[in-house]
Structure formats: C-alpha cells, structure tokens
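# Examination of the molecular architecture
Okay, here's what each chain looks like letter by letter:
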Amino acid sequence: MKKGKTLFGFVPEWMGEFYALFQWENKLSSEETIRQVPFDFLKKAYPGVHDLDLRLAVDKVGGNQHDLFSQCG
C-alpha cells in the first residue's frame, strides 16, 4: 500500500460505477479501460462530471478526454 490521501465520500463508488459502465459499453478489458481513462485523469475530471447521468459522463469522458482534461486543470 502507498501512503497518501484517501478518496472520500461518494468518489470511490462513483468511479467504480463509471469504470464498470465504460468497460461494458466499450467491450474492453480492465487493462484497456484504465489505459484509455487513467485513474488520475478520472480523479481530476470527477468534479465536472459526477453530477451528470452516468451514461452521459461515460460518453463525455470517452469522446472528449482532451477537452475535458483542459477544463479540469
């Protein structure tokens, strides 16, 4: 285990649901899912997409990672 800050609140649950739906909709392996949507990217994107419908968030992140990342800082 690595030392550091833990994720809090609904973040871990939402991220798990996001990854599961993204993987299922795109028919990807777990390895490919994480390669396409890296954990650090999703953690930075969370504040801007967590209030969206989960399917919309998956579509937005899957199709516009570079645009979304620039909005997240």
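Residues numbered from 1 in each chain as written. Predicted model: local features only at pLDDT ≥ 70, side-chain atom pairs only at ≥ 80, totals over all residues. Heavy atoms only, no water.

### Digging into the pattern of salt bridges
Condition: Definition used for salt bridges: Asp or Glu carboxyl oxygen within 4 Å of a side-chain nitrogen of Lys or Arg. Each helix is a run of H or I in the DSSP string that is no shorter than four residues. Each strand is a run of E no shorter than two, and both are numbered from the N terminus. Using a 1.4 Å probe on the protein chains alone, a residue whose accessible area is under 20% of its type maximum counts as buried, one over 50% counts as exposed, and one in between counts as partly exposed.
Across all of its chains, the model carries two salt bridges by this definition. Notably, a salt bridge pairs Glu-25 with Arg-55, separated by 2.3 Å at the nearest N-O pair. Residue Glu-25 is located in helix α1 (residues 11–26), and its partner Arg-55 is located in helix α4 (residues 54–63); the two are separated by 30 residues in the primary sequence. A relative accessible area of 44% places Arg-55 in the partly exposed class.

### Description of the confidence of the model for the chain
Worth spelling out the cut-off: Every residue gets a pLDDT, meaning the predictor's confidence in that residue, from 0 to 100. The contact rule is simple, with two residues in contact once any of their heavy atoms fall within 4.5 Å.
Residue-level pLDDT values for the chain average 83, and 79% of them are 70 or greater. Mean pLDDT across the elements of the chain bottoms out in helix α5 (residues 65–72) (48) and peaks in helix α2 (residues 30–36) (94). This stretch, residues 66–73, has a pLDDT under 50; its non-local contacts, to residues over four places away or in other chains, come to ten contacts.

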